Amino acid sequence: MTIIEPHIHMYSRTTDDYQRMFSNGIKACVEPSFWLGLSRKSSESFFDYFDLILDFETIRAKRFGIDHFCAIAMNPKESENAQLANSVIDKLTDFLKHPRCVALGEIGFNNITKNEEVAFERQLHIAHTLEMPVIIHLPHQNKVKGIQRTIDIIKNEGIREELVLIDHNTEESMVYARKTNSWTGMTVYPISKLTPVRVMDLLKIYGYEKMLVSGSADWGISDPLSMIKVKSTLEAHSEPNEKISDILFNNPNQFYSQSKNWKPDLALVPLNPNQFQR
Ligand SMILES: [Zn+2]
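Cut-offs applied
Residues numbered from 1 in each chain as written. Predicted model: local features only at pLDDT ≥ 70, side-chain atom pairs only at ≥ 80, totals over all residues. Heavy atoms only, no water. Buried < 20%, exposed > 50% of the residue type's maximum accessible area, 1.4 Å probe, protein only. Helix = DSSP H or I, 4+ residues; strand = E, 2+ residues; numbered from the N terminus. Right-handed = clockwise from strand over helix to strand, strands pointing away. Phe/Tyr/Trp six-rings, centres within 6.5 Å; stacked < 30°, edge-to-face > 60°. Lys NZ or Arg CZ within 6 Å of the ring centre and 35° of its normal. Axes fitted to C-alpha atoms, helices over the stretch in contact; angles between N-to-C directions. Parallel < 35°, antiparallel > 145°, perpendicular 65-115°, else oblique. Left-handed = near helix turned anticlockwise from the far one by under 90°. Contact = heavy atoms within 4.5 Å. Nonpolar A, V, L, I, M, F, W, Y, C, P; charged D, E, K, R; others polar. Polar contact = N/O pair within 3.5 Å; in protein donor to acceptor, adjacent residues only side chain to side chain.

Participant: For the pairing of strand β4 (residues 101–108), give the residues involved together with the corresponding values.
Facilitator: Counting buried residues along β4, eight of its eight residues qualify, which places the element largely inside the surrounding structure. With respect to chirality, the unit in which β4 leads through helix α5 (residues 114–130) into the neighbouring parallel strand β5 (residues 134–137) is right-handed.

Participant: Report on the packing of aromatic side chains, specifying residues and quantitative values.
Facilitator: Applying the stated criterion across every chain, the model contains 15 aromatic pairs. Ring centres of F109 and F120 lie 5.3 Å apart, and the angle between their planes is 85°; on these two criteria the pair is classed as edge-to-face. Of this pair, F109 sits in the loop between β4 and α5 while F120 sits in helix α5, and the two are eleven residues apart along the sequence. Take F109: its relative accessible area is 0%, and that puts it in the buried class. Taken together, Y11, F46, F47, Y49, F50 and F95 form an aromatic cluster joined through their ring pairs. Residue placement shows R40 over the ring face of F46; its charged tip is 4.0 Å from the ring centre. Across the ring face of W35, the terminal group of K77 is positioned such that the distance to the ring centre comes to 4.4 Å.

Participant: Give a description of the packing of helix α8 (residues 196–206) against helix α9 (residues 226–236) that names residues and reports values.
Facilitator: Contact pair α8 / α9: the axes reach a minimum separation of 9 Å and the direction vectors enclose 60°. The orientation of α8 with respect to α9, classified from their angle, is oblique. Between α8 and α9 lies a crossing of right-handed hand. Contact with α8, carried on its side by P196, V197, V199, M200 and L203, involves K229, V230, T233 and L234 of α9 and no other residues of that element. Residues belonging to the contact of α8 with α9 are distributed by class as follows: seven nonpolar, one polar and one charged.

Participant: Talk me through the side chain of E161; I want residue IDs and the actual numbers.
Facilitator: Relative to the elements of secondary structure, E161 occurs in the loop between α6 (143–157) and β6 (164–169). E161 sits in the buried class, given a relative accessible area of 13%. A distance of 2.9 Å separates polar atoms of two side chains, one belonging to E161 and the other to K155. Polar contacts involving the side chain of E161 include one to the main-chain amide nitrogen of N181, which spans 2.8 Å. Each residue touching E161, except ones within four places of it in the same chain, is listed here: I154, K155, T180, N181, S182 and W183.

See the structure below:
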């Protein structure tokens, strides 16, 4: 089965991960820009990072048979520095027009502050203007307040909700997410966020339509094969095959197909290492 991983930070993963992803059927992925673990001191550091994931990470992934795309944005955490956030957002459109960019993201709330809200609203407006998909990150704490404020901002902006993915939902936020026309994201982590069984239980309650599941693997304890574990769990509990394909392939494909840049090549094969070019 061909799998699309809709949210993963390959910048912080190894080549072993690419090899394991490919051999388990993950043929395309989307890497949203994020906080690197150290808050950056200048806008230029963001621009170099955006170039790196848009240009180099795509080449690196291709060596292992995976077609790699990006989502670009000023992340919620570093948006607390308003001056820095504004200087990055001022130049965002240049990166959003890159042929490997398929969405704006991830944006949203971290601590639900005024500065985060300003950066969130400015960027949502850019996505609306460009009619491009947008990935919204819910805060780790205070999910209910976070999703209520998030939905207010989406409604105020008036962006078409089908373009929006509200990501990192849990049992608490799900009821709010499912009242919108936005896509609903769930993240499977080994020790926090959701387990494959919790994801399955939520799918059984809320249905498979407009649901996206990802591993969101990064430099923390996380798993680039989370989607494979979800697949095994759904299969072990005899969920219908067409629903499993919706989660692993059709839904992420449909969400990102709203970008003209989303044309994944699912027939890539890993290169022999002596074909790698520096
Ligand atoms: Zn992420």
